[in-house]
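# Secondary and tertiary structure notes
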Amino acid sequence: MGETLASIEHEYRYYKLLAERAIAQLTDQEIAYEAAPESNSVAVIVWHMSGNLTSRFSDFLDSDGEKPWRDRDSEFDPRTVSRDELLRKWNEGWDVLFAALARLSEKDLERVVRIRNEEHTVIRALHRSVAHASYHVGQIVFIAKLLRGGGWKNLSIPRRPPRA
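What comes next concerns the included structure. (Residues numbered from 1 in each chain as written. Predicted model: local features only at pLDDT ≥ 70, side-chain atom pairs only at ≥ 80, totals over all residues. Heavy atoms only, no water.)

### Re the overall build of the chain
Check the secondary structure of the chain and you find five helices and two strands. Listed N to C, the secondary structure of the chain is α-α-α-α-β-β-α in terms of helices and strands. Principal-axis analysis of the C-alpha atoms gives the chain an extent of 55 × 40 × 25 Å. Expressed as a percentage of the 164 residues in the chain, the buried residues total 40%. A separation of at least 24 residues holds for 74% of the contacts in the chain among residues at least 6 apart in sequence. Carbon and sulfur atoms make up 52% of the accessible area of the chain, which totals about 9500 Å². Across the chain, the mean location of the 24 positive side-chain charges is 7 Å away from that of the 25 negative side-chain charges. (Helix = DSSP H or I, 4+ residues; strand = E, 2+ residues; numbered from the N terminus. Buried < 20%, exposed > 50% of the residue type's maximum accessible area, 1.4 Å probe, protein only. Contact = heavy atoms within 4.5 Å. Areas by Shrake-Rupley, 256 points an atom, 1.4 Å probe, with all protein chains shown as cover. Lys, Arg positive; Asp, Glu negative; His and termini not counted. Charge placed at Lys NZ, Arg CZ, Asp CG, Glu CD.)

Dropping the structure here:
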């Protein structure tokens, strides 16, 4: 794997771990918490991310990233699932992504792929996907931090204590 692909894989793995560390701080009941009507719970976000990664990266170079078998709307249905179900679904999407990345070479970066019948270079499609993943991981972290309040365990550099 070349430097560009290794860098992209590193970013994906970073965001995957960040979300997992946030999810680990939630109770099973909190995984289904919705802050407001029409908002997404962590479970819904996980279902959507898994659906997106599975669709985009199944047969990545040779078929449109929006697969006809994907039921995107159902990914946003409210759901209550066990932690095991959640993590199984989470890993399904990531496994498809990482398998697709492992098959790519730096030469593939300029190839053209389609997403919803729109042409993208592979590098553009990967950057688009990393941005999408980081957006939703940020939502997961925000929800977890909101629910944990003062019990939140920082995932990065902690804030300085207030000045006296």
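### Re the side chain of Ser 129
Summarising the element assignment, Ser 129 is placed in helix H5 (residues 122-148). Ser 129 gets classed as buried once you look at its relative accessible area, which sits at 7%. Only 2.7 Å separates the side chain of Ser 129 from the side chain of Tyr 12, close enough to count as a polar contact. Other than its neighbours up to four places away in sequence, Ser 129 contacts Tyr 12, Leu 53 and Phe 57. (Polar contact = N/O pair within 3.5 Å; in protein donor to acceptor, adjacent residues only side chain to side chain.)

### Looking at unusual backbone geometry
The phi angle at Glu 38 is positive, at roughly 70°, despite the residue not being glycine. Locating Glu 38 in the fold gives a position in the loop between helix H1 (3-23) and helix H2 (42-57).

Take it as geometry only, folks, not as evidence of what the structure does.
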